[in-house]
Amino acid sequence: MRLPPAILASAEEVLREILRFAAPADTTLSRYFKDHPRLGGRERGAIAECIYAVLRNKAFFTDFSEAGGGATMRRLALLGMSDAVGIDALGGLTQDEREWLDRVTQIDRKLLHKSMRTNMPKWLFDKLVAQYGEEETLVLADALNTPAPLDLRVNALKANRDEVVAELAAAPIVATPTPYSALGLRVLKKPALQNLPLFKSGAIEVQDEGSQVLAQILGAKRGEMVVDFCAGAGGKTLALGAQMRNTGRLYAFDVSEKRLAKLKPRLARSGLSNVHPVAIAHEKDAKIKRLAGKIDRVLVDAPCSGMGTLRRNPDVKWRQQPEAIAELQEKQAAILDGAARLVKGGGRLVYATCSLLDEENDMVAAKFIESHPDFVLIPMHQVLAEQKIELEMGDYLKLLPHKHQTDGFFAAVFERKPMPKKAKEEEAAED
């Protein structure tokens, strides 16, 4: 069944707006669909896949869409649509357009220049080559330019993984256990989950396996005081609350009330009552100071460039600018410093990002240890062994799409040395 020609026009219209990069692609798409309620589910899916195909393949598609006759934006939309649904599903094409699409889709991209094959801005490609070498960067880029699978986390308070697999199979949805997270499931296709009883009851949540691993390495236990310092919409918060078996006290801090508002319906489904969302103004907010030296475990999933999420958010590589990385590094250090004040003697602090860049990862962790002699780095291989996670790592967690089939994640684990009584009194007086 072919898509009507009007769908291509809609894709072209929204693509023109998205390529201005004034806002995240998913935000622009959501607004467009809200403004065009007559579009059906199949049409929306085709348009969305078209947009993301263009964003993943922008360098390659742009080069070929600018060659030959016809409007460049229509040719970009044609390439995106053919990648998303196939040429045969497109209605209203001219003979010239069909022949042109056939020629372009038959090109062996491995023969192209590496800058076009990787579909990355030069500054990002150069940074990754400096870290990983050219050969591995090409493999990494191929993985980043592939759509991510759908990962689920089973809420252990409401179900176990085998029960969920069986119930999904009856839907019918095929889900396989993830290799690193004991509660993770991977769904290769992307079915609508919102109407499933499993989803409505809070038995499952959508969460990348890498994100699940981050929550796990914090090692939150029953009855502890725990803080998710940059909670956002609360995916890791929910995972931590379940790890704590709904006991103790779990604070979800974030500077955005809008992001925290997205946590509320998820929290209601989860069955958790130990979570306390708190909007803060900054990392030195008085609400944080009151908890100084009292928290067992603190997770800092810091704001970052997001370069590890390009499978899901391919527009990030085109919207992000290299000069912003230095600003982010400064912000990350300040947030980590603020969060460290919360940790009590013997407590654990985890610094994490969804970035691939050393400037936001290793360098921030190393600087923190240098400037905080009261903390020690716990090697990641030791932490993973504690949590029975079968991953080979050195001092840090470094998850990569082409190696681990997760988003790109970094994490470092620090432990605060036991605090002498005098130091505790001085910190309390300072705060």
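Rules used throughout
Residues numbered from 1 in each chain as written. Predicted model: local features only at pLDDT ≥ 70, side-chain atom pairs only at ≥ 80, totals over all residues. Heavy atoms only, no water. Pairing = 2+ DSSP bridges. Helix = DSSP H or I, 4+ residues; strand = E, 2+ residues; numbered from the N terminus. Buried < 20%, exposed > 50% of the residue type's maximum accessible area, 1.4 Å probe, protein only. Patch = residues over 30% accessible without salt bridge, like charges linked within 9 Å, V, L, I, M, F, W, Y side chains within 5 Å. Areas by Shrake-Rupley, 256 points an atom, 1.4 Å probe, with all protein chains shown as cover. Salt bridge = Lys/Arg side-chain N within 4 Å of Asp/Glu carboxyl O. Lys, Arg positive; Asp, Glu negative; His and termini not counted. Charge placed at Lys NZ, Arg CZ, Asp CG, Glu CD. Polar contact = N/O pair within 3.5 Å; in protein donor to acceptor, adjacent residues only side chain to side chain. Contact = heavy atoms within 4.5 Å. 1 Å grid on protein atoms, 1.4 Å probe; cavity = no way out; pocket = protein on both sides within 12 Å on 5 of 7 lines; lining within 4 Å. Points joined across faces, edges and corners; volume = space filled by probe spheres on them. Nonpolar A, V, L, I, M, F, W, Y, C, P; charged D, E, K, R; others polar. Phe/Tyr/Trp six-rings, centres within 6.5 Å; stacked < 30°, edge-to-face > 60°.

K.L.:
Explain the sheet that holds strand S3 (residues 184-187) here, please?
P.N.:
Taken in spatial order, the 4 strands line up as S2-S3-S1-S4 in an open sheet, and their pairing is antiparallel. Pairing within the sheet leaves two strands with one partner each, and these edge strands are strand S2 (176-177) and strand S4 (204-206). Pairing between strand S1 (residues 150-154) and S3: 4 bridges, direction antiparallel. The residue of S3 that forms the bridge with leucine 150 is valine 187.

K.L.:
Is there a simple way to explain unusual backbone geometry in this structure?
P.N.:
Most peptide bonds take the trans form, and the phi angle of most residues other than glycine is negative. For the bond from alanine 171 to proline 172, the omega torsion is -5 degrees, close enough to zero to count as cis. For glutamine 405, which is not glycine, the phi dihedral falls at a positive 60 degrees. By secondary structure assignment, the location of glutamine 405 is in the loop between helix H20 (401-404) and strand S12 (409-416). Residue classification places glutamine 405 among the partly exposed positions, given a relative accessible area of 39%.

K.L.:
What am I meant to see in a negative patch on the surface here?
P.N.:
Negative charge collects at one region of the surface, where Asp88, Asp96, Glu99 and Asp102 lie side by side. As for its position among the elements, glutamate 99 is in helix H6 (residues 95-105). Since its relative accessible area comes to 37%, glutamate 99 is described here as partly exposed.

K.L.:
Can you help me understand the pairing of strand S5 (residues 225-228) in this one?
P.N.:
Consecutive residues of a regular strand have side chains that alternate between opposite faces of the sheet. Where S5 and strand S6 (residues 249-254) come together, 4 bridges link them in parallel fashion. Of the residues in S6, the one forming a bridge with aspartate 228 is alanine 252. When S5 meets strand S8 (residues 295-301), the two strands line up parallel, connected through 3 bridges. Considered in S8, the bridge of valine 226 is made with arginine 297.

K.L.:
Explanation requested: helix H12 (residues 209-218) in the structure shown.
P.N.:
Three- or four-residue spacings in an α-helix give side chains the same orientation, since the helix completes a turn every 3.6 residues. In terms of residue burial, H12 counts as a mostly covered element, since 10 of its 10 residues are buried. Turning to H12, its buried residues are Glu209, Gly210, Ser211, Gln212, Val213, Leu214, Ala215, Gln216, Ile217 and Leu218. By the N-cap criterion, in which a side-chain oxygen at the helix start approaches the backbone nitrogen of a residue two or three places on, H12 is capped by aspartate 208, the distance to glycine 210 being 2.8 Å. Phi turns positive, to about 70 degrees, at glycine 219, one or two residues after H12.

K.L.:
I'm lost on the environment of asparagine 145 in this one. Help?
P.N.:
As for its position among the elements, asparagine 145 is in the loop between helix H9 (134-144) and S1. Residues asparagine 145 and isoleucine 173 lie 28 residues apart in sequence; the distance between their C-alpha atoms is 25 Å. Not counting residues within four places of it along the chain, the set of residues in contact with asparagine 145 comprises Arg56, Arg117, Thr118, Asn119 and Lys317.

K.L.:
Explain the layout of surface pockets here, please?
P.N.:
Empty space among the atoms becomes apparent when a probe as large as a water molecule is rolled across them. Roughly 270 Å³ of volume is contained in the second largest pocket. If you go around the second largest pocket, you meet 18 residues; those closest to its centre are Leu183, Gln216, Ala239, Ala242 and Gln243. Broken down by secondary-structure element, the contributors of at least two residues to the lining of the second largest pocket are S1, H12 and helix H13 (235-243). Per-element accounting of the lining of the second largest pocket gives the leading share, 3 residues, to H13. The class makeup of the residues in the lining of the second largest pocket is 7 nonpolar, 7 polar and 4 charged.

K.L.:
Mind showing me how you'd approach the pairing of S3 here?
P.N.:
Alternating residues of S3 divide into Gly184 and Arg186 and Leu185 and Val187, and every residue in both groups is buried. The pairing of S2 with S3 spans 2 bridges and is antiparallel. Across the sheet, residue proline 177 finds its bridge partner in S3, namely leucine 185. Connecting S2 to the next strand, S3, in antiparallel fashion are 6 residues.

K.L.:
Can you help me understand the packing of aromatic side chains in this one?
P.N.:
We describe a pair of aromatic rings using the distance from one ring centre to the other and the angle between the two ring planes. Considering all chains together, one arrives at 9 aromatic pairs under this definition. Between phenylalanine 229 and phenylalanine 253, the aromatic rings sit 6.1 Å apart at their centres with planes inclined by 90 degrees, giving edge-to-face as the arrangement. Of the two residues, phenylalanine 229 sits in the loop between S5 and H13 while phenylalanine 253 sits in strand S6, which places them 24 residues apart along the sequence. Each member of the pair, phenylalanine 229 as well as phenylalanine 253, carries the same accessibility label: buried. For the ring pair tyrosine 351 and phenylalanine 410, a centre distance of 6.4 Å and an interplane angle of 65 degrees mean the geometry is edge-to-face. Of this pair, tyrosine 351 sits in strand S9 (residues 343-353) while phenylalanine 410 is found in strand S12, placing the two residues 59 residues apart along the sequence.

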